[in-house]
Amino acid sequence: MEQRKNFPDGIPNKIDVPVNTMRASSAAAVSVAPRAAEYTCPMHSQIRSPAPGNCPICGMALVPVAGAPQDDREIDNLTRRLWVGIALSAPVIVLAMSPMIGIHDIVGLQPASTGWIQFALGTPVVFWVGWPILLKFWLSLRHASLNMYTLIGLGVGLAYLYSLVAVFSPGLFPQVFREHDGSVGTYFEAAAVIVTLVILGDLLQTRAMGQTNRAIQELLRLAPNQAWRLRDDGSEEQVSLDAVAVGNLLRVKPGEKIPVDGTVTDGVSRIDESMLTGEPVPVVKTAGDKVTGATINGNGSLTMRAERVGSATLLAKIVHMVSEAQRTRAPIQRMADIIAAYFVQVVVAIAVVTALTWWFLGPEPRLAYAFINAIAVLIIACPCAVGLATPISMTVAMGQGARVGILFRNAEAIERMRDVDTVVVDKTGTLTLGHPALTGFIVQGIAEDEALALVAGVEQLSEHPIGVAIVEAAKARGLTPGKAGAFEAVNGLGVQAEIGGKRLLVGSRGFLDQLGVDTRSWETRAEVWRVQAKTVVFFAIDGVAAGIAAVADPIKDSTAEAIAGLKKSGVCVVMLTGDSRATADAVAKQLGIDEVIAEVLPQDKAGHIKRLQGEGRKVAMAGDGINDAPALAQADVGIAMGTGADIAMESAGVTLVKGDLRGIARAAALSRATMRNISENLIFAFGYNAIGIPVASGVLYPAFGLLLSPVFAGAAMAMSSVSVVTNALRLSRVKI
């Protein structure tokens, strides 16, 4: 299997694990993966496999990625092994521990006989119950990727082999290995209990990891299986969702789920969109409104046109984005990776030093003490908790964000969001609804309807929201936009074209000024509209200014609350827009925005983001249009409105599914909670090892006579990992 060994400087970006390699595990008894499922390692997300198995780097069992079902056969397999381990280990413990509490004769058994019984009971525990552990130990050696199972395998293997020789050939041991009564002690109970405890830890961990996919599984279950498709004659037929194609007309009956993404063509109803937004209040939908697949129709009946089906639906994109994001690695994880790369070697060295110290300086039987304390060090120092501290928290956080309509593209976006102190927002489609309407139209020297038809003829070739508003206004008046030729758009300024032999210019005052058109006579009226937060469009016919149009884009109901929330948390809000200074200032005053950067060309937005970063700020940029994509990519964290252009979402680290700016404050709160949770995990994991290793090596023995049995070391090791996972799962209950 090909694998780059550059772990100290960073784990490889991707390792594809062959199916036959993965199936070598006993976790293993799972031989067939669910169709289209994919599995990954919770500690090393670049490991991918189409089948369950073990990670070749750390040995942990692979878990389903977001959207893949949890395979209960792995849990069942571990459960069977655990109960067998408990049943066989219990009598071994009784036999081994009874002399320590003064019971030297159990039902007449001689010391030699108890050794044979412990061998008979302990052997199946080590080799059958512990087979997954031994296999992972072998794989760690085979791939030269020392990990926690390397330490466990060494500890269990040495304890078992030592005990085996003690039972079959006790005469081989010199006096220094013997107890005070001359017998040679065995450690079958240590090997058996350690194996059982590790299996218990793996079982609890597997169950806990399965919970991290719950949010995505719940979303997947929301999708309906069938839809009512309308035939050409108006009759209905029920078809599977796979049979729905773009352009199909669908009937959505009261109480049913919207089958796919599309637009309402007829009917009125209230739609429960809480699965996307977290908001419980249903939204009224009428003809022309967009609807999203898997949301729930109310009491009305709707007819809709399918526009996005299959993997193109918003629900499918959410699942895909979260699935991909859960494989990514946060910068904070680099520290844990570097430590883990050297940790096993350091622990083995400490175990050797411990053994030598006890051998030369410890009390009799020196070699026995040296052996058992070295095993305790190997067992207690397993780095599983360290490796899990970051990825498990990130995975839970991404699922939690998906529940409330916040999609993180990668783990780095979660980490960076915590440090954001400046949020830059675009105006159109971000602060506003993104659906401008024509509110004023004044002309001179030409009939108003004729002028509107000419301007609409130019703008119908443009995709700008302002142009769309003008075209819709013309059609609402029953006008037919003129047929334009020689069309040319100047990005961020305006458009020009020829209609019926006339040369038309439509755009900003600066655009017309550049082309030598005098617009001064229109400035007084234009300024009045700008103060009212309206965008002013100038137009000229054959080089003469012929009129102005006012376009207003209503501010979203949630925008003021979102801005207030950001400012309350100490974040500076900056509006970056191509609109005029007067219009931008009017909107900023209405919303309480701190800083305004207006009249910015699309290609210059990224430069302004870079300037703010040069001032030492951590900048998040929120936008929704194609022209925002470079700025979103330049920002420390790009935040795309899910209602905007796809390229904006591709360029951003965070997507707000419904375009609600309140999601920025929620994302920041989730980021802070996640990073705090990771810090708790790392402190716990490193603190546990910092305390546990010295105690296991025997530093407390000279002063207190205290030693740590390998049995208790195994219990502590297993529970430390479970504690980290349990702490991370608390994130699913964080209110944002």
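Up top you'll find the structure we're talking about.
The rules behind the values
Residues numbered from 1 in each chain as written. Predicted model: local features only at pLDDT ≥ 70, side-chain atom pairs only at ≥ 80, totals over all residues. Heavy atoms only, no water. Core = buried A, V, L, I, M, F, W, Y, C linked by side-chain atoms within 4.5 Å. Buried < 20%, exposed > 50% of the residue type's maximum accessible area, 1.4 Å probe, protein only. Helix = DSSP H or I, 4+ residues; strand = E, 2+ residues; numbered from the N terminus. Contact = heavy atoms within 4.5 Å. Salt bridge = Lys/Arg side-chain N within 4 Å of Asp/Glu carboxyl O. Pairing = 2+ DSSP bridges. Axes fitted to C-alpha atoms, helices over the stretch in contact; angles between N-to-C directions. Patch = residues over 30% accessible without salt bridge, like charges linked within 9 Å, V, L, I, M, F, W, Y side chains within 5 Å. Areas by Shrake-Rupley, 256 points an atom, 1.4 Å probe, with all protein chains shown as cover. Parallel < 35°, antiparallel > 145°, perpendicular 65-115°, else oblique. Left-handed = near helix turned anticlockwise from the far one by under 90°. Nonpolar A, V, L, I, M, F, W, Y, C, P; charged D, E, K, R; others polar. Phe/Tyr/Trp six-rings, centres within 6.5 Å; stacked < 30°, edge-to-face > 60°.

A.B. asks: Explanation requested: the nonpolar core in the structure shown.
C.D. replies: Looking at soluble globular proteins, one finds that nonpolar side chains tend to be buried together. Formed by 51 residues in total, the largest nonpolar core has its most connected members in Phe408, Leu431, Met575, Ile639 and Ile664. If one sorts the elements of this core by residue count, helix H25 (residues 662-697) sits on top with 8 residues. The contact partners of Met575, leaving out residues within four places of it in the chain, are Val425, Lys427, Leu431, Ala584, Val587, Ala588, Ile593, Glu595, Val596 and Ile597. Within the second largest apolar cluster, 32 residues are counted, among which are Val92, Ile152, Ile199 and Ile379.

A.B. asks: Please clarify how the pattern of salt bridges should be interpreted in this entry.
C.D. replies: Oppositely charged side chains can form a pair if their charged atoms are brought close together. Taken as a whole and assessed by the stated rule, the structure comprises 22 salt bridges. The closest approach of N and O atoms between Arg231 and Glu237, which form a salt bridge, is 3.7 Å. You can call Glu237 partly exposed: its relative accessible area is 22%. Salt-bridge contacts for Arg509 lead to Glu523; the nearest nitrogen and oxygen are separated by 3.2 Å. With Arg509 in helix H18 (residues 509-514) and Glu523 in helix H19 (residues 523-531), this pair connects stretches of sequence that are 14 residues apart. With a relative accessible area of 18%, Glu523 lands in the buried category. Three or more residues joined by partner-sharing salt bridges are found here, namely Arg509, Glu523, Glu527 and Arg530.

A.B. asks: Can you walk me through the environment of Ala456 in this structure?
C.D. replies: Topologically, Ala456 is positioned in helix H16 (residues 448-459). Since its relative accessible area comes to 0%, Ala456 is described here as buried. Considered as a pair, Ala456 and Gly482 are 26 residues apart in the sequence and their alpha carbons are 7.1 Å apart.

A.B. asks: Looking at this structure, I do not really get unusual backbone geometry. What am I missing?
C.D. replies: For residues other than glycine, phi is negative in most cases, and the peptide bonds are mostly trans. With a phi angle near 50°, Ala486 is a residue other than glycine that sits in the positive phi range. Mapped onto the secondary structure, Ala486 falls in strand S17 (residues 485-490). Phi is positive for Asp542, which is not a glycine, with a value near 55°. With relative accessibility at 46%, the residue Asp542 sits in the partly exposed group.

A.B. asks: I would appreciate a short explanation of the sheet that holds strand S23 (residues 595-597) in the present structure.
C.D. replies: Pairing between sheet strands relies on hydrogen bonds along the backbone, with the strands arranged either parallel or antiparallel. Strand order across the open sheet formed by 7 strands is S14-S26-S25-S24-S15-S22-S23, with mixed pairing between neighbours. Each having just a single partner strand, strand S14 (406-408) and S23 make up the two edges of the open sheet. In this sheet, neighbouring strand axes are inclined to one another by 20° on average, regardless of whether the strands run parallel or antiparallel. Here strand S15 (residues 422-425) pairs with strand S24 (residues 619-623) via 4 bridges, running parallel. By the bridge assignment, Val425 is partnered in S24 with Ala622. Contacts from H25 reach S14, S15, S24, strand S25 (637-641) and strand S26 (654-656) within the one sheet, and its direction differs from that of S14 by about 55°.

A.B. asks: Is there a simple way to think about the pairing of strand S5 (residues 226-230) in this case?
C.D. replies: Successive residues of a regular strand alternate their side chains across the two faces of the sheet. Both S5 and strand S6 (residues 236-240) contribute to a ladder of 5 bridges, which runs antiparallel. Each residue of the ladder has a partner; that of Ala227, found in S6, is Val239. Where S5 lies against strand S7 (residues 249-252), 2 bridges are found, and the strand directions are antiparallel. When the bridges of S7 are listed, Trp228 appears paired with Arg251.

A.B. asks: Any chance you could explain the sheet that holds strand S10 (residues 283-285) here in plain terms?
C.D. replies: Read from one edge of the open sheet, 3 strands run S10-S9-S12, paired in antiparallel fashion. Single-partner strands in this sheet number two, and they are S10 and strand S12 (296-297). The pairing of strand S9 (residues 269-272) with S10 spans 3 bridges and is antiparallel. When the sheet's bridge partners are listed, Arg270 is paired in S10 with Val284.

A.B. asks: Before we go on, may I ask you to explain a nonpolar patch on the surface in this structure?
C.D. replies: Together, Val352, Leu356, Trp359, Phe360 and Leu361 give the surface a local cluster of nonpolar side chains, amounting to about 560 Å² of exposed area. Along the polypeptide, Leu356 turns up in helix H10 (residues 332-361). Judged by relative accessible area, which is 39%, Leu356 ranks as partly exposed.

A.B. asks: Before we go on, may I ask you to explain the environment of Ala696 in this structure?
C.D. replies: Along the polypeptide, Ala696 turns up in helix H25. Residues Ala696 and Asn373 lie 323 residues apart in sequence; the distance between their C-alpha atoms is 6.2 Å. In contact with Ala696, not counting residues within four places along its chain, are Asn373, Ala376, Val377, Ile380 and Leu708.

A.B. asks: How do you make sense of the packing of helix H11 (residues 366-380) against H25 when you look at a structure like this?
C.D. replies: The relative placement of two packed helices comes down to the angle between their axes together with the axis-to-axis distance. At a closest axis distance of 8 Å, the pairing of H11 and H25 adopts a crossing angle of 170°. One element, H11, and the other, H25, form an angle in the roughly antiparallel class. H11 and H25 meet at a crossing whose hand is right-handed. Only Tyr688, Asn689, Gly692, Ile693, Ala696 and Ser697 of H25 make contact with H11, whose side of the interface consists of Asn373, Ala376, Val377 and Ile380. Of the residues assigned to the contact of H11 with H25, the class counts are 6 nonpolar, 4 polar and no charged.

A.B. asks: It is not clear to me how the packing of aromatic side chains should be interpreted in this structure. Could you clarify?
C.D. replies: A ring pair, where both rings are aromatic, is described by two values, the distance of the centres and the angle of the planes. By the definition in use, this model includes 11 aromatic pairs. Seen from their ring centres, Phe127 and Tyr160 are 5.2 Å apart, and the 85° between their planes marks the pair as edge-to-face. One end of the pair, Phe127, is in helix H3 (residues 111-129); the other, Tyr160, is in helix H5 (residues 148-168), with 33 residues separating them in the sequence. You can call Phe127 partly exposed: its relative accessible area is 42%.

A.B. asks: Teacher, can you tell me more about helix H21 (residues 581-591) here?
C.D. replies: Along an α-helix, residues three or four positions apart point the same way, because every turn accommodates 3.6 residues. Inspection of H21 places Ala582, Thr583, Ala584, Ala586, Val587, Ala588 and Leu591 among the buried residues, and these make up the whole buried set. Packed against the buried residues of H21 are helix H15 (427-431), H19, strand S20 (535-541), helix H20 (559-568), strand S22 (572-576) and S23. Two residues or fewer after H21 comes Gly592, characterised by a positive phi angle close to 75°.

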